[in-house]
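Listed below are the residues making up each chain.
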Amino acid sequence: MDPANQPPDKSPAPMLPFRISRDTIILLAALLFLAFAILLAVLFPPSGSELARARTPAPTLVQMTVAVVEPVSTSTPAPTTLPTVAALPPTDTPPYPPPQNIAPGLAAPSPTLDLPLPTAAPDVAGAAPTPTLAQAPTLEPTLAPPPVVQPTPEQPTAVQPTPEPSPVVVQPTQPPAPRPTRPPPTATPIPIDIIRSTTYWTIAQSPIILRRDTVVAAGAGLIIEPGVEVRIPPGVTLYVDGRLYALGQADRPVRFSGAALPRWEGIVGQPGSDIVLEHVDVRGGGAGGTVISSERGSLTIRSSRITDNGGHVRIAGGRFELRDSEIAGNDMPYGAAVEIIYESGGSVTLVGNRIGGNRMAFGAPNVRIDSRSPNDTVTLDIQGNLLVGQDGPNLALETNGPLQGVVQCNGFIGGSNGLSVLSTLPQAPGLPLLTIRNNAIEKHTPPIIPIYLERGIGRGATSDVLIDMRSNWWGAAEGPYEPDRHADGRGDAPGDLVQFDPWLTERPACAPAQ
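The structure presented is a predicted model; accordingly, all values stated were derived computationally and were not measured. (Residues numbered from 1 in each chain as written. Predicted model: local features only at pLDDT ≥ 70, side-chain atom pairs only at ≥ 80, totals over all residues. Heavy atoms only, no water.)

Let us look at the overall build of the protein. A count of helical and extended segments in the protein gives three helices and 38 strands. Sorting the 514 residues of the protein into buried and exposed places 34% on the buried side. Here the analysis covers contacts within the protein between residues at least 6 apart in sequence; of these, 67% occur between residues at least 24 apart. Accessible surface computed for the protein: about 30800 Å², of which carbon and sulfur atoms make up 59%. (Helix = DSSP H or I, 4+ residues; strand = E, 2+ residues; numbered from the N terminus. Buried < 20%, exposed > 50% of the residue type's maximum accessible area, 1.4 Å probe, protein only. Contact = heavy atoms within 4.5 Å. Areas by Shrake-Rupley, 256 points an atom, 1.4 Å probe, with all protein chains shown as cover.)

The next subject is the state of the cysteines. Here the structure, examined in full by the defined rule, presents one disulfide. Between the sulfur of Cys409 and that of Cys510 lies a disulfide, 2.1 Å long from S to S. Torsion about the S-S bond of the Cys409 and Cys510 cystine: about -85°, corresponding to left-handed handedness. With a gap of 101 residues between them, Cys409 in the loop between strand E30 (403-408) and strand E31 (411-413) and Cys510 in the segment after strand E38 (498-499) connect regions that are remote in the sequence. Looking at Cys409, the relative accessible area reads 15%, which means it is buried. (Disulfide = S-S within 2.5 Å.)

With four bridges connecting them, strand E11 (residues 237-240) and strand E14 (residues 266-269) associate as parallel partners. Within E14, the residue paired with Tyr239 across the bridge is Val268. Where E14 and strand E17 (residues 290-302) come together, three bridges link them in parallel fashion. Residue pairing for E17: Val268 is matched across the bridge by Ser293. (Pairing = 2+ DSSP bridges.)

Take the side chain of Ser293 next. With respect to the secondary-structure elements, Ser293 resides in strand E17. Judged by relative accessible area, which is 16%, Ser293 ranks as buried.

Our next topic: the packing of aromatic side chains. This structure, assessed with the given rule, holds two aromatic pairs. With 5.5 Å between their ring centres and 85° between their planes, Tyr452 and Tyr481 make a pair best called edge-to-face. Separated by 29 residues along the polypeptide, Tyr452 in helix H3 (residues 450-455) and Tyr481 in the loop between strand E36 (467-468) and strand E37 (493-494) bring together distant segments of the chain. When sorted by exposure, Tyr452 lands in the same class as Tyr481, which is buried. Measuring from ring centre to ring centre gives 6.3 Å for Phe500 and Trp503, while their planes differ by 35°; the resulting arrangement is tilted. (Phe/Tyr/Trp six-rings, centres within 6.5 Å; stacked < 30°, edge-to-face > 60°.)

Scanning all chains against the criterion turns up 18 salt bridges. Residue Arg302 is joined to Glu321 by a salt bridge in which the shortest nitrogen-to-oxygen separation is 3.4 Å. Of this pair, Arg302 sits in strand E17 while Glu321 sits in strand E19 (residues 312-323), and the two are 19 residues apart along the sequence. For Glu321, a relative accessible area of 4% translates into the label buried. For Asp468, the salt bridge is made with Arg437, and the minimal N-O distance between the two is 3.2 Å. Of this pair, Asp468 sits in strand E36 while Arg437 sits in strand E33 (residues 434-437), placing them 31 residues apart in sequence. A residue is classified by how much of its surface remains accessible, and Asp468, at 18% relative accessible area, is buried. For Arg437, a relative accessible area of 22% gives the class partly exposed. (Salt bridge = Lys/Arg side-chain N within 4 Å of Asp/Glu carboxyl O.)

Pairing between the strands of a sheet comes from backbone hydrogen bonds, and it takes one of two forms, parallel or antiparallel. Read across the open sheet, the ten strands follow the order E7-E10-E13-E16-E18-E20-E24-E28-E31-E34; overall the sheet is parallel. Each edge of the sheet is formed by a strand with only one pairing partner; in this case those strands are strand E7 (208-209) and strand E34 (440-442). The pairing of strand E13 (residues 254-258) with strand E16 (residues 280-282) spans three bridges and is classified as parallel. Directly across from Arg255, in E16, lies its bridge partner Asp281.

Bringing the pairing of strand E32 (residues 417-423) into the picture now. Burial runs high along E32: six of the seven residues are buried. The sheet contact formed by E32 and strand E35 (residues 459-463) spans four bridges and is parallel. In the strand pairing of E35, Asn417 is matched with Arg459.

Along the polypeptide, Glu482 turns up in the loop between E36 and E37. The class of Glu482 is buried, set by a relative accessible area of 4%. Polar contacts involving the side chain of Glu482 include one to the main-chain amide nitrogen of Asp484, which spans 3.0 Å. At a separation of 2.6 Å, a polar atom in the side chain of Glu482 contacts the main-chain amide nitrogen of Arg485. Look past the residues within four positions of Glu482 in its chain and what remains in contact with it is Ala487, Pro494, Asp496 and Phe500. (Polar contact = N/O pair within 3.5 Å; in protein donor to acceptor, adjacent residues only side chain to side chain.)

The next thing to look at is the confidence of the model for the protein. Of the residues in the protein, 67% have a pLDDT of 70 or more, and the chain-wide mean is 78. Looking over the protein, one finds the lowest element-wise mean pLDDT in strand E3 (residues 115-116), namely 42, and the highest in strand E15 (residues 274-278), namely 97. pLDDT under 50 marks residues 58-97. Its contacts with residues more than four places away, or in other chains, come to 27 contacts. For residues 99-139, every residue scores under 50 in pLDDT, and the model assigns this stretch 38 contacts once sequence neighbours within four places are set aside. (pLDDT = per-residue confidence, 0-100.)

Listed below in structure tokens is the structure:
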């Protein structure tokens with residue numbers, strides 16, 4: 001029944017002004033659909049193949065076509081034709097009612113198409129039911145259906161069987177043809193000459209020219225007569241395992257000289273050897289830094305001259321005697337001019353020699369005697385030598401054990417120090433068995449101390465242990481200068497552990513002068 005034709009005694013039922021917009025309805029529907037989809041996903045989980053297909057991205061882009069709807073006239077109930085290719089199907093839902101048919105208590109629809117929801121009137125007897133408003137049709141955009149991607153069926157890979165290898169037929173091996181037999185390799189000749197028996201080099205054979213390294217074998221002997229000259233090529237060595245006696249005379253010395261430059265090596269005494277060089281001139285040797293050496297053997301050099309060489313004289317153990325000889329004018333790249341080392345005691349004889357004027361390394365002494373055994377004794381006989389220093393001491397005694405013998409009538413001249421005694425055992429009670437007398441100790445380089453430089457006072461002797469050096473000449477009649485014990489002295493200064501009083505007031509006649 002039309003509300004306008006209701007009886008006057010009955011008023012229309014009041015309606016609540018509660019509205020739900022179209023967007024709210026769509027949102028509620030979407031949430032309901034999402035909940036339904038989740039429920040389906042939980043109840044019916046997809047299989048592995050469906051997951052793989054779902055993860056495969058669709059290569060085709062979907063274009064969305066929006067249908068535009070024209071307003072519908074109230075007098076024409078026919079469906080409206082869309083301008084796009086896609087046409088909407090006709091619907092049986094009636095169009096919107098005209099505005100004059102809307103109940104008076106309802107407001108006009110808003111631009112958001114908010115539609116009032118009808119409410120049920122209270123149950124009143126004889127009241128007519130409230131008509132239900134028709135809903136406007138919902139127009140959805142027409143979407144092109146997505147292309148259906150057919151899954152590509154996986155083709156099983158056929159596994160080809162591996163063919164078995166055919167059996168190998170082993171042919172009988174034919175014996176190789178015989179080859180000519182080669183002679184066994186011959187031993188490479190050793191590039192040395194060996195003297196296996198007692199051999200004499202005479203003046204009739206002079207000059208003797210060595211072609212290569214020569215060895216005097218153990219048990220054999222080489223005797224060189226006066227006046228013989230032995231010429232040695234560069235780099236060649238004369239090794240002695242047995243005996244070498246070079247016996248020259250004052251007017252006919254035996255000469256070892258270089259055949260040409262560069263230098264030849266040297267004369268090397270092996271353990272157990274016996275070498276005697278008497279009235280011998282040695283020149284042009286020492287290419288390796290040592291011109292004459294002896295290791296645990298016996299070496300005797302008398303009345304000989306060792307000049308113009310490139311090395312020093314070195315003794316390691318055994319017996320050593322150097323008498324009335326000169327070692328001067330040599331180039332010595334390392335070590336003392338005469339280097340003597342004892343591991344287990346020994347004896348040294350240095351008498352009447354002149355050692356100086358050599359080009360040595362800085363701080364190297366003329367003579368160094370090194371006793372390395374704390375128990376074995378080294379016996380010294382050092383007399384009448386002229387030792388002229390360069391940058392180091394004239395005589396250096398390095399000892400870990402006892403020394404005995406005499407050091408007297410020597411001229412210790414020039415250099416940084418006259419006598420230097422070094423010891424790794426400073427607690428030792430000195431060297432009471434070593435006599436040091438009548439030596440001339442003079443002309444040493446002053447240390448860089450003002451009073452020493454002012455007075456020209458050098459170091460005459462230094463020692464790590466107590467030594468007795470009384471009755472020696474210190475270069476001045478007033479005696480040595482010692483700031484605490486003898487400040488009036490003007491001679492070379494002794495060390496704190498050197499006993500010097502009394503001293504000689506004049507130079508001893510037995511000490512050689514420069």
